[in-house]
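# Chain and residue survey
What follows is each chain in one-letter form.
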Amino acid sequence: CKDTVKTGREADISKEETVYILAGSDGSPEKIIVSDWLQNAAGADTIKDRSELTDVENVKGDETCTTGTDSTQVWDAKGKDIYYQGNIEKELPVDIAVTYTLDGKEITPEALAGKSGKVTIRFDYENRQFEYVEVDGVRTKIYVPFAVMTGMVLDTEVFRNVEVTNGKLINDGDRTAVVGAAFPGLQENLALDREKLDIPDYLEITADVVNFE
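From a predicted model like this one, the values you see are computed outputs, not experimental measurements.

Turning to the packing of aromatic side chains, a few remarks are in order. In total, this model carries six aromatic pairs according to the counting rule given. Ring centres 5.5 Å apart and planes at 15 degrees place the aromatic pair Trp37 and Tyr83 in the stacked group. Within this pair, whereas Trp37 is found in strand E3 (residues 29-39), its partner Tyr83 is found in strand E8 (residues 82-87), the two being separated by 46 residues in sequence. Look at Trp37 and you get partly exposed, because its relative accessible area is 28%. With a relative accessible area of 25%, Tyr83 lands in the partly exposed category. An aromatic cluster is built from Tyr100, Phe159 and Phe212, whose rings are joined through pairwise contacts. Above the ring of Tyr202, the side-chain terminus of Arg122 is found at 3.8 Å from the ring centroid. The residue whose ring lies beneath Arg139 is Tyr132, and the NZ or CZ to ring-centre distance is 4.1 Å.

Here's what the structure looks like:
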C-alpha cells in the first residue's frame, strides 16, 4: 500500500509498506513483520511518519528517529530514503484460512502428518477492510484493494506431480517452489460476473504425497 506523509518543509514523501505474515499450518498468523520504505524524492532533511510498529529498526542505514506522541516518528533522513522494519500485533485486514484434503476427504494438518495419497492444500482469503461509498447515488460496499502473495517450498521426495490453481510452479529438481497471488474483494468491487472474468481470491495446490510434512 502507499500513503503520503509530510516533512517539516511540507514536501510530499511516498511511503510503501509490505506486510509479511509467518503463518501456522491453519493459516493463523504466528508473527507479523512490517517493512516500510519512505521514498525521499524531495531530499528532505527530516521525514515525519506515523507508525504503530514496535522494535523499529533501520535496515539500510544508520539514520535515527525520534518517537513522539500519537505514534509519530521524525526520521533524521539527511536527504536519503529510509527503510525500516518492525513488528505489530493487530488483526489483519485479510483473513487466511487453510484447508487440507487427503484422497478427497478433509483432514487436519496434524492428522495428515506422515500420511500418503492425493493431497490438496487450499488457501482462502477474506478481505475484512471495507468502506461504504456513494456510487451513482447508491450506497455501495467497497473493499480496500489488497494483493496477497503466498509462497512455499515443497520437497520433491514428498510432493510429486504438483499442480496449482491461481499460482506458478518452479522446480529445481530437489524442490518445487509455489507462488500464488490473490485479490480478495476485487471481484465484488468491480461487480464482474465470474463467467466473464474470474479474479483469483484463493490458492490451491494438489500433489501426490508420500509421508506428508
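Continuing now.
Let us look at unusual backbone geometry. At Ser71, a position not held by glycine, the phi torsion is positive, near 60 degrees. As for its position among the elements, Ser71 is in the loop between strand E6 (65-67) and strand E7 (72-75). With a phi angle near 55 degrees, Lys78 is a residue other than glycine that sits in the positive phi range. Position of Lys78 among the secondary structure elements: in the loop between E7 and E8.

Below, the discussion takes up the nonpolar core. Grouped together as the largest cluster of nonpolar side chains are 24 residues, with contacts concentrated most on Phe123, Tyr125, Phe159, Ile205 and Phe212. Of all the elements in the fold, those that place two or more residues in this core are strand E9 (94-102), strand E11 (117-127), strand E14 (148-155), strand E15 (159-165), strand E17 (175-182) and strand E18 (202-209). Per-element tally for this core: the top contributor is E9, with five residues. If we skip the residues at most four places from it in the chain, Phe212 touches Tyr100, Leu112, Ala113, Gly114, Lys115, Val119, Ile121, Val158 and Phe159. Of all hydrophobic cores here, the second largest spans 12 residues; its members include Ile32, Val34, Leu38 and Trp75.

The next thing to look at is the pairing of strand E2 (residues 12-23). Pairing geometry for E2 and E3, over 10 bridges, is antiparallel. Pairing of Leu22 across the sheet is with Lys31, part of E3. A loop of five residues connects E2 with E3, the two strands running antiparallel in sequence, and Gly27 in this loop sits at a positive phi of about 95 degrees.

Under the definition given, this model contains 14 salt bridges. Residue Arg50 pairs with Asp70 through a salt bridge whose shortest N-O separation is 3.1 Å. Pair noted here: Arg50 is in strand E4 (residues 47-50) and Asp70 is in the loop between E6 and E7, with a separation of 20 residues, a long-range link. Judged by relative accessible area, which is 55%, Asp70 ranks as exposed. The partner of Lys90 in a salt bridge is Glu52, with the nearest N and O atoms 3.4 Å apart.

As summarised here, the arrangement of the three strands in space is E4-E7-E6, forming an open sheet in which the pairing is antiparallel. For this open sheet the edge positions go to E4 and E6, each flanked by a neighbour on one side alone. Recorded for the sheet is a direction-independent mean angle of 25 degrees between the axes of neighbouring strands. Where E6 lies against E7, three bridges are found, and the strand directions are antiparallel. For Cys65, the partnering residue across the bridge sits in E7 and is Trp75.

About the cut-offs
Residues numbered from 1 in each chain as written. Predicted model: local features only at pLDDT ≥ 70, side-chain atom pairs only at ≥ 80, totals over all residues. Heavy atoms only, no water. Phe/Tyr/Trp six-rings, centres within 6.5 Å; stacked < 30°, edge-to-face > 60°. Helix = DSSP H or I, 4+ residues; strand = E, 2+ residues; numbered from the N terminus. Buried < 20%, exposed > 50% of the residue type's maximum accessible area, 1.4 Å probe, protein only. Lys NZ or Arg CZ within 6 Å of the ring centre and 35° of its normal. Core = buried A, V, L, I, M, F, W, Y, C linked by side-chain atoms within 4.5 Å. Contact = heavy atoms within 4.5 Å. Pairing = 2+ DSSP bridges. Salt bridge = Lys/Arg side-chain N within 4 Å of Asp/Glu carboxyl O. Axes fitted to C-alpha atoms, helices over the stretch in contact; angles between N-to-C directions.

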